[in-house]
Each structure stands twice: as C-alpha cells, then as structure tokens.
Amino acid sequence: MSHGIHRIAIPTPFAVGRVNVYLIEDDPLTLVDAGPNSGTSFDELTKGVRELGHSLEDIELVVLTHQHIDHLGLVALVAERSGADVAAIDVAVPFVENYSEEAAKDDAFARGVMLRNGIPEDVVGALSAVSQAFRAWGARADVTRVLRDGEALELRDRTLHVHHRPGHSPTDTIFHDRERRLLLSADHLLGHISSNPLITRPTDGSEERPQALVTYLRSLEQTREMDVDLVLPGHGDPIHDHRTLIDERFALHRRRAEKIHRLIGEQPRSAYEIAQALWGNIAVTQAYLTLSEVLGHVDLLLNDGRAREVERDGVAVFEAA
Ligand SMILES: [Zn+2]
C-alpha cells in the first residue's frame, strides 16, 4: 500500500464482511486491530503478515480502534504470541479487559432499549441468543499502553495523533498522521456504507439511552475539518475525498430524518413500527442495527423540537410536533 502501511483484510462472520487490519512497518512493528477470534481469521492474519515479510511473533505493538469484536477478538492471541504491547484509548480499557462481563451488560442494556421501543419479546429473545453465540468471536485482552484523546503516539518514523470520535461505538478512536496527511479512521468513516450509530451502554455508567447518531454527527464534523488526503477505514477500500463523503453522509441522515418526520406525521409510531415502515420485514440479526438507525434520527427530530415522545403501554411512541 502506501507509507509503509499495509492492509490485511480478515474474514468475519458478520454481514459487514471482511475487516481491515493494518500493518505499519515502523519501529515498533505495529498492527492496527487484529480481527475476530477464530481459527480462520487467525490463519489469514498470520499468512497476511508473513506475505509482507514479517512474522506474527515480530509484532511489537497492537493498537485497538474500538470495542467491536470483529476488530478486537484476536488482540490477546497476537499479544500472547508476540509479546506485543496493546494500546487502547482510556475509555475502552474496562471493556477490553473485562470483555465477557461488559458484553453481557451491553446485551442487557440493549434488551431494555429494544423492549422500550416496541420490539416484540420473541425477537428480543432471539437476538439475545444470536448475540451470545457471537460472543466467542471476541476475547478479553490486557491493555498495556493507555492512550488519551489528543495525545501523540510516537513511532520511529511517524507520529500518530490519537482522537476519540465516539458515535459508531463509545470508544471509536482514529489515528492521524499529519505529516503524511493520512488518517486511520476505523469504523468511524467507511467508504461503501454509512457507519451504524449503534446505541451502546454508556461508558460512564449512566443508564440513559445515549443519542448515538447525535454524538456520531458531532464526531464527523470534527473529522471533516481535518486536512487529510487518504483515509484508511476499518472495512472496504481507502477513501480519497473524505469531505465529499462526509457531506454525503450528512445529507443521507437529513433525508432519513425527514422521511421519519413524515411517517410520524401520519400517525404516532414506535421506533420498531418506523423501522418496519422504512424497511419492511427486518431480519432478526438486523433488528438492533435498524432500531439504532431509527432512534438516532428520531433524536435529531426530538432535539429540533419536531417530534415528541409519548408512551403507549410502556412503549415509547413518537409523534410529530
Ligand atoms: Zn465497529
């Protein structure tokens, strides 16, 4: 690839397809993310690193971009094989180090959000089962190097500025090489699909449903201001014009909010009913993603005073204001 950074695309069991892991040929030899915890993924990672003329045992630093298991699952195994340091932003550390417990708490939080927003109990139950089955694709890891928002991660030949950009997850971290005008964006900015603003249990222990899309759009504003020529994302191909892409994302989210405003103008609807009106019958595995999408846009309307939340039999229902 370019600037001593190489992409290794690792298979995942998820709808998103392969995940990009980046090998940075520098000192320390650095891996950005590691892929999900599976034999196939491990084999492909090992092979990918070897094809670049290194061995997995040579890796000295693994940098984690966020808490999702398609990026995190193999971190511990790579660190164990190589003795590499593991770096992650401070807000991600409790999740990474207590993965199973934290994932279980996330699932419980998600169940509450789903029931509150009208997803039928059988769907919620099925999705919990799916989530538990997927849990083995993640694994805990020890973080040996805690990163802070705004700090500089120094390698021999480059400096990576660390920025917390929550929204897709609460722990999204991007790495900016100012000198090379290059950004490792992870899932904060993807070229071929818009990043899901997944509603996730807040890292500060609060019980309230976070406004993930609102947070995400604020993060995206900050990234739009960055001067970069090349963005290397967590899935899919490199991005060359991040401002145009970000503007397209802003337009997409505005259009979707308008559509939802029309739907709740016709009649009050729960978020689940809105999702069905938008996308028809939704696969169980996509129920939480689509719910997060809908609630994100409902939040935009609520914050603008264009929607109101009322309650119907314990379910949140939204009406146009
Ligand atoms: Zn992700």
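Cut-offs used in this document
Residues numbered from 1 in each chain as written. Predicted model: local features only at pLDDT ≥ 70, side-chain atom pairs only at ≥ 80, totals over all residues. Heavy atoms only, no water. Helix = DSSP H or I, 4+ residues; strand = E, 2+ residues; numbered from the N terminus. Rg over C-alpha atoms; globule rule 2.2 N^0.38 Å. Contact = heavy atoms within 4.5 Å. Areas by Shrake-Rupley, 256 points an atom, 1.4 Å probe, with all protein chains shown as cover. Lys, Arg positive; Asp, Glu negative; His and termini not counted. Charge placed at Lys NZ, Arg CZ, Asp CG, Glu CD. Buried < 20%, exposed > 50% of the residue type's maximum accessible area, 1.4 Å probe, protein only. Pairing = 2+ DSSP bridges. Salt bridge = Lys/Arg side-chain N within 4 Å of Asp/Glu carboxyl O.

Help me out: how do you make sense of the overall build of the chain in this one?
Secondary structure summary: the chain contains 10 helices and 14 strands in total. Computed over C-alpha atoms, the radius of gyration of the chain comes to 20 Å, within 12% of the 20 Å expected from 2.2 N^0.38 for 321 residues, which places it in the range of a compact globule. Taking as baseline every contact in the chain between residues at least 6 positions apart, the subset at least 24 positions apart corresponds to 66%. Summed over all atoms, the accessible surface of the chain reaches about 13500 Å², with 47% contributed by carbon and sulfur. Distance between charge centres in the chain, computed from 33 positive and 51 negative side chains, equals 4 Å.

Would you mind showing me how to read the pairing of strand 2 (residues 19-24) here?
Taken across its 6 residues, strand 2 has 6 buried, putting it largely inside the fold. Judged by which residues are buried, strand 2 turns out to be covered on both faces: Val-19, Val-21 and Leu-23 on one side and Asn-20, Tyr-22 and Ile-24 on the other are all buried. The pairing of strand 2 with strand 3 (residues 30-32) spans 3 bridges and is classified as antiparallel. When the bridges of strand 3 are listed, Tyr-22 appears paired with Val-32. Adjacent in sequence and paired antiparallel, strand 2 and strand 3 are bridged by 5 residues.

Help me understand unusual backbone geometry in this model?
Peptide bonds are trans in most cases, and residues, glycine excluded, mostly fall at negative phi. Of note, the bond from Asp-27 into Pro-28 is cis; its omega dihedral lies within 30 degrees of zero at 5°. In this fold, Pro-28 is placed in the loop between strand 2 and strand 3. For Arg-181, which is not a glycine, the phi torsion comes out positive at approximately 55°. On the secondary structure map, Arg-181 appears in the loop between strand 9 (173-177) and strand 10 (182-186). Positioned with a positive phi, Ala-186 is a non-glycine residue whose angle comes to about 50°. Tracing the backbone through its elements, the reader meets Ala-186 in strand 10.

How should I be thinking about the pattern of salt bridges in this particular structure?
Where charged atoms from two side chains of opposite charge come close, those side chains can pair. Considering all chains together, one arrives at 23 salt bridges under this definition. The partner of Arg-243 in a salt bridge is Asp-227, and the shortest N-O contact between them spans 3.3 Å. Linking Arg-243 in helix 8 (residues 242-266) with Asp-227 in the loop between helix 7 (212-224) and strand 11 (230-233), this pair joins segments that are 16 residues apart in sequence. Between Arg-308 and Glu-319 there is a salt bridge, and its shortest N-O distance comes to 3.1 Å. With Arg-308 in strand 13 (residues 307-312) and Glu-319 in strand 14 (residues 315-320), this residue pair connects regions lying 11 residues apart in the sequence. By relative accessible area, which is 43% here, Arg-308 ends up partly exposed. The partly exposed category is assigned to Glu-319, whose relative accessible area is 22%.

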